[in-house]
Amino acid sequence: MQTFNRRQTLALAGAACLALPAATRAQDSCAISTSASQRATTPEEALKRLQQGHQRFANGKPLHCDLRPQVRGTASGQAPFAAIVGCIDSRVPPELVFDQHIGDIFAARVAGNIINDDILGSLEFATRLAGAKLIVVLGHSECGAVKGAIDGAQLGHLTGLLARIKPSLQRLDYQGVPSSKDKALVQRVAERNARDAVAQLQRAEVLRALVEQGQLKIVAAMHDVATGRIDWLV
């Protein structure tokens, strides 16, 4: 049987005390978003929460939460603190790259993270009716929809979707024939497309009113599929 002297016992007790706050913080972070916590969150705090979550993801230290209590806790209602408009790209799942869980964020996903009436209506619900304090338009590197728009690809209903990205290319000061083989151009168009989506949302009457009242923040960000890192375009 192992024995401990007084100094070892005190050291172990001290280590246990230091561990408790971290465990408590992890437990608190796994708690579901509630109406009360949502109301108490400012748009700036919502942005910080996503930034901190992404930092955990990027550092390989995500929270390990038991999702079953979150399922039970959100069964009768939800109170997400943020909404993400992202691409359907399989490499950029919003809940994972921001290290969020059930009931934390609304996620609208469409190729090229474009804004149409359905996405806009969804965001009006997420914010004005459901109380989210932040909208993030999340673009990403090597976006296939952006490449298709640059090359003028045509395919069924995809043609109309890509037409919504084309103006972001046209707004750039670009010389020569645009090509998706130009990686720098693809990145520039993807960033411009995300910023243009933010501008479009900020012009929408319902969302604009929330922004002017200080109840909502709308920002753009870019995810690098090679590194997993997100740059905030603010």
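Remember, it's a predicted structure, so these values are computed and weren't measured experimentally.

Asks: Which parts of the structure should I look at to understand the overall build of the protein chain?
Replies: Regarding its fold elements, the protein chain presents eleven helices and five strands. Burial status across the protein chain gives 41% buried among its 234 residues. For the protein chain, the share of sequence-separated contacts (at least 6 apart) that also reach a separation of at least 24 residues comes to 73%. As presented, the protein chain carries roughly 13100 Å² of accessible surface, and 53% of it is formed by carbon and sulfur atoms.

Asks: Where do I start with the environment of His223 in this structure?
Replies: Inspection of the secondary structure puts His223 in strand β4 (residues 217-223). Sequence separation between His223 and Val97 is 126 residues, and the spatial gap between their C-alpha atoms is 8.8 Å. Those residues in contact with His223 that lie beyond four places of it in its chain are Arg91, Val92, Val97, Leu138, Gly139, His140, Ser141, Gly228, Arg229 and Ile230.

Asks: Any chance you could explain helix α7 (residues 144-151) here in plain terms?
Replies: Looking at α7, one finds that the buried residues are Ala145, Val146, Gly148, Ala149 and Ile150. Buried residues along α7 sit against α8 (158-163), α9 (166-170) and α10 (183-203). Backbone geometry just downstream of α7 places Gly152 in the positive-phi region, at approximately 70°.

Asks: I'm lost on the environment of Pro62 in this one. Help?
Replies: In this structure, Pro62 sits in the loop between α3 (43-58) and α4 (67-73). On a C-alpha basis, the gap between Pro62 and Val97 in space is 9.4 Å, while along the polypeptide they are 35 residues apart. Excluding residues that lie within four positions of it along the chain, Pro62 makes contacts with Arg56 and Asp99.

Asks: Just to check I follow, could you spell out the state of the cysteines for this structure?
Replies: In a disulfide, the sulfur atoms of two cysteines are covalently bonded to one another. Using the criterion set out here, one finds one disulfide in the structure. A sulfur-sulfur distance of 2.0 Å marks the disulfide that ties Cys30 to Cys65. Torsion about the S-S bond of the Cys30 and Cys65 cystine: about -80°, corresponding to left-handed handedness. Of this pair, Cys30 sits in the loop between α1 (6-29) and α2 (35-40) while Cys65 is found in the loop between α3 and α4, placing the two residues 35 residues apart along the sequence.

Asks: Where do I start with the side chain of Thr41 in this structure?
Replies: Here Thr41 lies in the loop between α2 and α3. Within polar-contact distance, the side chain of Thr41 engages the backbone oxygen of Ser37 at 2.7 Å. Setting aside its immediate chain neighbours within four residues, Thr41 contacts Ala46 and Lys133.

Asks: What's the story with the pairing of strand β1 (residues 82-86) in this structure? I'm lost.
Replies: Sheet faces and side chains relate simply in a regular strand, where the side chains alternate between the two faces. A large share of β1 lies buried, amounting to five of its five residues. What you see with β1 is no split at all: Ala82, Ile84 and Gly86 on one side and Ala83 and Val85 on the other are buried throughout. With five bridges joining them, β1 and strand β2 (residues 105-109) adopt parallel strand pairing. Note that in β2 the partner of Val85 across the bridge is Ala108. In this structure, β1 lies alongside strand β3 (residues 134-140), joined through five bridges in parallel fashion. Across the sheet, residue Ile84 finds its bridge partner in β3, namely Val136.

Asks: Got a minute to help me understand the packing of helix α6 (residues 117-129) against helix α11 (residues 205-212) in this structure?
Replies: When two helices pack together, their arrangement is given by the angle between the helix axes and the distance between those axes. Taken N-terminus to C-terminus, the directions of α6 and α11 make an angle of 35°; their axes are 9 Å apart at the nearest point. The interaxial crossing formed by α6 with α11 has left-handed handedness. Between α6, through Leu120, Leu123, Glu124, Thr127 and Arg128, and α11, the contact on the second element is made entirely by Val206, Leu207 and Leu210.

Asks: I'm lost on α6 in this one. Help?
Replies: One turn of an α-helix holds 3.6 residues; hence residues three or four places apart share an orientation. Across its 13 residues, α6 extends 17 Å between first and last C-alpha, which sits within 8% of the 18 Å expected from 1.5 Å per residue. The complete set of buried residues in α6 reads Ile119, Leu120, Leu123, Ala126 and Thr127. For α6, the arc enclosing every buried residue in end-on projection is 125°, short of the 170-degree limit, so these residues lie on one face. Projecting away from the buried face of α6 at angles above 90 degrees are the exposed residues Asp117, Asp118, Arg128 and Leu129. Here the buried face of α6 lies against β1, β2, β3, α10 and α11. Measuring from the side-chain oxygen of the N-cap residue of α6 to the backbone nitrogen of Asp118 gives 3.1 Å; that N-cap residue is Asn116. Where α6 terminates, the next one or two residues include Gly131, which has phi positive at roughly 90°.

Asks: I keep staring at unusual backbone geometry and nothing clicks. Help me out?
Replies: Trans peptide bonds make up the majority, and among non-glycine residues the majority have a negative phi. Positioned with a positive phi, Asn113 is a non-glycine residue whose angle comes to about 40°. With respect to the element layout, Asn113 can be found in the loop between β2 and α6. Judged by relative accessible area, Asn113 falls into the buried class, the value being 2%. Positive phi, normally seen in glycine, also occurs at Glu142, with a value near 55°. Tracing the backbone through its elements, the reader meets Glu142 in the loop between β3 and α7. Given the relative accessible area of 29%, Glu142 is considered partly exposed.

What counts and what doesn't
- Residues numbered from 1 in each chain as written.
- Predicted model: local features only at pLDDT ≥ 70, side-chain atom pairs only at ≥ 80, totals over all residues.
- Heavy atoms only, no water.
- Helix = DSSP H or I, 4+ residues; strand = E, 2+ residues; numbered from the N terminus.
- Buried < 20%, exposed > 50% of the residue type's maximum accessible area, 1.4 Å probe, protein only.
- Contact = heavy atoms within 4.5 Å.
- Areas by Shrake-Rupley, 256 points an atom, 1.4 Å probe, with all protein chains shown as cover.
- Disulfide = S-S within 2.5 Å.
- Polar contact = N/O pair within 3.5 Å; in protein donor to acceptor, adjacent residues only side chain to side chain.
- Pairing = 2+ DSSP bridges.
- Axes fitted to C-alpha atoms, helices over the stretch in contact; angles between N-to-C directions.
- Left-handed = near helix turned anticlockwise from the far one by under 90°.
- Expected span 1.5 Å × (residues − 1).
- Arc of directions from axis to C-beta.

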